[in-house]
Amino acid sequence: MTTATEVMKPPRTEVGVLGWLKKNLFGTWYDALLTVGSVAFISVVLYGVTNWALTGAKWGVVTTNIKVFMVGRYPYSEIWRIWASIGLFAVMAAITGVVWRLNIARARRAVTISWIVVSLLTVVLLAGFGENTPIPRVPLAIWSGLMLTLTLGIVGIVASFPIGVLLALGRRSNLPVIKVFSTMFIEIVRGVPLITVLFIAMLMLPLFLPASISGRLSNVLRVMVGMTLFSAAYVAENVRGGLQAIPKGQYEAGRAVGLNEAYVMALIVLPQALRAMIPAIVGQFISLYKDTSLVVIVGLLDLLGIAKAVTGQTEWIGTQKEVFAFAGVIYFITCSALSYASRRLEKQLGVGER
Amino acid sequence: MENERSGASETREMIICRDVHKWFGDFHVLRGVNLTLRRGEVVVICGPSGSGKSTLIRTINRLEEHQKGDIFVDGIELTHDIRNVHAIRQEIGMVFQHFNLFPHLTAIQNVTLAPIYVRRWSKDKAEEVARQLLERVGIPEQAEKYPGQLSGGQQQRVAIARALAMQPKIMFFDEPTSALDPEMIKEVLDVMVELATGGMTMIVVTHEMGFAREVSDRIIFFDEGNIVEENPPDKFFSAAKEERTKLFLSQILHQ
């Protein structure tokens, strides 16, 4: 008995592996041509790369210098402190994951506060105090390698976000002084390349500040400040874009129920604006992270700086390919992790949106 | 109910507008409006679009600023003093044409937000009151949904609950049914009728003449920035004096 509602199966050529192949790879003659051409090209490249990686490459340069790549000039006797920091972060990440997955509302605040405490603890642990303490001081100036890259990236991201939000709010402020200052800051910074900002931080700052102050600021700290302010200007513009997308009715509804302007901003407008701008802001963070490689120019040894130094050693001459392939892979992994985190965040915050 | 309302009408006025003027740039939107609203009174304002009727109620809770004239709400003068503005906004609940719910919060969070942050209620108390209000507007089962998951009529009812959560003495409705699909208008009007018969002081900007006839004490015809004429519903429909009112009525009643 056939009824009108009985499910009719699609033709066999339209489903399964064959259907997929036909639809996606060999739909027309030029599709087929492109498919064959691409497969041929990819095979050649892949063969070349694997062949080189497995037989020709001298990976010894990476394995021998792995510590140098990771921590640069950080004293090897103190490396346990780095492991301890990584351990702390891993524990925190695990706790956070559990709390969020099980949706334990009451623990969230505790977790947020612990993150701040743990972060400060890590900074103290890594930088140390003075001589004759269990954790002797390791001056920022000698931080290098992947450790420096990550430090600059994390500090830049964490510090530039709130500054950027404040600048964006400042640019929309009704107070002329704040508005003009924010607008000028954003426009000037955006009108200048990052390298210029780094040079200003390195070379010009000592001219402006008394020697007693500028002498104490290590190169790394100055670069951190420069990169943070640079990134903050771009974050501010992203946030401003998000703020503009919020309809006037949202402000009015907030005011009409009696909320003051600060609450309207913090509870209604900013959450929506930031949520909408997550992809753009994370994009800015990824580019900030990659731009940390520019610090080589002002003499800091980040991951790329170390890579260059390693290839300069006489025993490893001719190993640029291996070294830079390795650095590339590390950048790829860290950047993918960032964009993965961004997608997760978007998904989690996007529940029920419109 | 009737007795209660007429009894309350002897007490002081809830809203007084005296010679209120407002300009948008060079455009003179409100041209010396005088309006008095007694406690428990339900007033419907109708009139052509662009006549300034929405602007008038938005001026009374300072979503727009008036440039000349005096406004008093429950004895509080509307001045530039932000404390007066906040005090007045807490007296008045507002329902918008486009609902203006907060899309990132669930229905119940929309309702509890202001009580928690303005009235400083505990979360538990605010939620208890919010659930009662959602019950009252007939959608208790939608509490955990986001505005985007609700129909227009349901969203507008959440918006009414959100306004009521601050326990206002006066409710403003700014064309509350204009953005709704026809089959959802009644569910919102029913809630408004329930409020009106319960003794709430209300100003409703609307063209729902059935609602006006049923529950309003006064209907005001507004045109070109001022009140053209006002009458109780029976007289308003049958014995309009002004030509403009007659024209308007003929347009909206025989469309």
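Numbers given for residues are sequential positions, taken from 1 along each chain in its written order. Each chain is given a letter, starting from A, and each ligand a number, starting from 1, according to the order in which they appear as written. This being a predicted model, a pLDDT of at least 70 is required before a residue's local features are given, and a value of 80 or more before pairs of side-chain atoms are given or counted; all residues contribute to the totals for chains, interfaces and linings. By convention in this description, side-chain values take in all heavy atoms of the structure and omit both hydrogens and water.

(A) Quick look at the sheet that holds strand β6 (residues 92-95) of chain B. Residues and elements named next belong to chain B. Whether two strands pair comes down to DSSP finding at least two bridges between them. Secondary structure elements follow DSSP: runs of H or I of four or more residues count as helices, runs of E of two or more count as strands, with numbering from the N terminus. Strand order in the open sheet formed by six strands is β6-β7-β8-β3-β9-β10, and the pairing between neighbours is mixed. Of all the strands in the sheet, the pair left with one neighbour each is β6 and β10 (226-231). This sheet shows a mean twist of 20° between the axes of neighbouring strands, independent of strand direction. Pairing of β6 with strand β7 (residues 170-174), which is carried by four bridges, proceeds in the parallel orientation. Each bridged residue has a counterpart across the sheet, and for V95 the counterpart in β7 is F173. The axes used here are C-alpha line fits, helices contributing only the stretch in contact, and every angle between their N-to-C directions lies in the interval 0 to 180 degrees.

(B) Seen up close, the sheet that holds strand β5 (residues 76-77) of chain B. All names here are of chain B. Here four strands make up an open sheet; going across it, the order is β2-β1-β4-β5 and the pairing antiparallel. Edge strands, defined here as strands with exactly one partner in the open sheet, are β2 (27-38) and β5. Relative to β2, strand β1 (residues 13-24) is paired through nine bridges, and the arrangement is antiparallel. Residue F24 lies in a different strand from β2, and its bridge partner there is F27.

(C) Spotlight on helix α10 (residues 243-253) of chain B. Residues and elements named next belong to chain B. Residues T245, F248, L249 and I252 constitute the buried set of α10. Each buried residue of α10 sits inside an arc of 100° when the element is viewed along its axis, so together they form one side. Along α10, exposed side chains directed more than 90 degrees from the buried face belong to E243 and L247. Check the buried side of α10 and you find it contacts β3 (42-46), α8 (209-215), β9 (218-223), β10 and α9 (233-238). To sort residues, take the accessible area from a 1.4 Å probe on protein chains only and compare it with the maximum for the residue type: under 20% means buried, over 50% means exposed, and anything in between is partly exposed. Of all possible arcs, the one meant is that of the directions from the helix axis to the C-beta atoms. Any two residues whose heavy atoms approach within 4.5 Å are treated as being in contact.

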